[in-house]
Amino acid sequence: MPAEPVIVQALRGSRPERLPVWFMRQAGRSLPEYRATRAGTAMLDACLTPELAAEITLQPVRRHGVDAAVFFSDIVVPLKLAGVDVEIVPGRGPVFGRPVRDAADLADLVAHDLPDDAFAPIEEAVARTVAELGPDVPLLGFAGAPFTLAAYVVEGGPSKDHLRARTLMHADPEAWRTLTEHLARVSGAFLRAQVRAGASAVQLFDSWVGSLSEADYRTHVLPASAATLAEVPEVPRIHFGTGTPHLLPALRDAGADAIGVDHRIPLDAASALLGGDVPVQGNIDPALLGAPWPVLEAHLEAVAAAGRAAPAHVLNLGHGVPPETDPGVLTRIVEWAHGR
């Protein structure tokens, strides 16, 4: 039987022959070919056009030689497919036409269920991508975790402190549970569709969860995140959030097979918090992508050395690729990792 791709090996806890690497948000904004491909097409329209989504997903694999493709989509896509009024506003992010501010708003949101064929364009895009990638480069699927989706839905768009969402969590725990359970079902279905069509692993993004205490996370968020991850037990599952050193064991306890770590804590310290037996992913500081190569290389060496404390390590950024990043720097990082 052929060996599994190196990233899948690492996510399962084995240290492969080379250090595997991919980049969050590699499929998109930093690449000139992406900007040319998407010119004149709204973000969500691009996500829901299978040939376009597949092409954008493949672009960083061709350019950088990364060890995995990450599916080009957005965490609000399943809500859009369910008929929720949401658009991605350039320069701002997801904006909802009807934020959840009261019981009527919540009832309206949860009434938007997914039609049986809702994920047909997603499955077609994934299948196209997997066919083009071949057996050696896996496709990573992804979805937004219930808290981060809830933060957008309750705020109506991006927020610095997610105060409305955190207030709802405590002011009306029953409404909060109804909301996050619904979002867990939607995101779980999104992951399931990607795996069904050929994704080899998935990542659950909880971008804004660092705003919570561990007690609030375990009480009000972990059950919904666990339900989302439980939808795809057959593939390795990565759980990632930003600002989460205090939450790493809790993210693990939600059912992930590997934990993505942002740049705020060294990987050896993160591994110790995780008990020393969980594969880790990360955690190049995105700010160093603009530094002189000797400075960046020293940082890469430190990240790789710290990653050896875990049973396996997937090299990645501590957050997404900044849009102004020189693509040549990413290619050089991949060459560096593969030359070790």
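The following paragraphs examine the structure supplied in this document. In this text, all values refer to a predicted model and were calculated from it rather than measured experimentally.

Let us now look at the packing of aromatic side chains. All told, the structure shown has seven aromatic pairs when counted by the stated rule. Ring geometry for F119 versus F190: centroids 5.9 Å apart, planes at 25°, classification stacked. Separated by 71 residues along the polypeptide, F119 in the loop between helix 6 (103-111) and helix 7 (120-133) and F190 in helix 10 (residues 173-197) bring together distant segments of the chain. You'll find F119 and F190 in the same group, each marked buried. Each residue in the set F119, F142, F190, F205 and F240 is aromatic and connected to the rest through ring pairs, giving one cluster.

Another aspect to go through is the sheet that holds strand 4 (residues 139-144). In space, the seven strands of this open sheet follow the order 1-4-5-6-7-8-9, with parallel pairing throughout. Two strands bound the open sheet, and with one partner strand each, they are strand 1 (69-70) and strand 9 (313-317). As paired elements, strand 5 (residues 201-206) and strand 6 (residues 237-241) share five bridges and run parallel to each other. Residue pairing for strand 6: F205 is matched across the bridge by F240. Sheet contacts for helix 10: strand 4 and strand 5; angle to strand 4, the most-contacted strand, approximately 170°.

This part covers the environment of R12. Structurally, R12 is set in the loop between helix 1 (6-11) and helix 2 (32-38). Counting along the chain gives 35 residues from R12 to C47, while the straight-line C-alpha distance between them is 29 Å. In this structure R12 touches E4, E234 and P236, once residues within four positions along its chain are discounted.

Scoring rules and cut-offs
Along every chain, residues carry numbers that run from 1 in the direction the sequence is written. Whole-chain, interface and lining totals are the exception, using all residues; otherwise, since this is a predicted model, local features are given only for residues with pLDDT of at least 70 and side-chain atom pairs are given and counted only at 80 or more. Processing note: side-chain calculations cover all non-hydrogen atoms of the structure and skip hydrogens and water entirely. The pairing test for Phe, Tyr and Trp rings, Trp by its six-membered ring, is centres within 6.5 Å, and the orientation test on the planes gives stacked under 30 degrees, edge-to-face over 60, and tilted for anything in between. Helical segments are the DSSP runs of H or I of at least four residues, strand segments are the runs of E of at least two, and each set is numbered from the N terminus. Each residue gets one of three labels from its accessible area relative to the maximum for its type: buried under 20%, exposed over 50%, partly exposed in between, using a 1.4 Å probe on protein chains only. At least two bridges found by DSSP between two strands are what make those strands a pair. By definition in these notes, contact holds between two residues if any of their heavy atoms fall within 4.5 Å. Axis definition: a line fitted to C-alpha atoms, over the contacting stretch in the case of helices. Angles run 0 to 180 degrees between N-to-C directions.

Nothing here speaks to function; it is geometry throughout.
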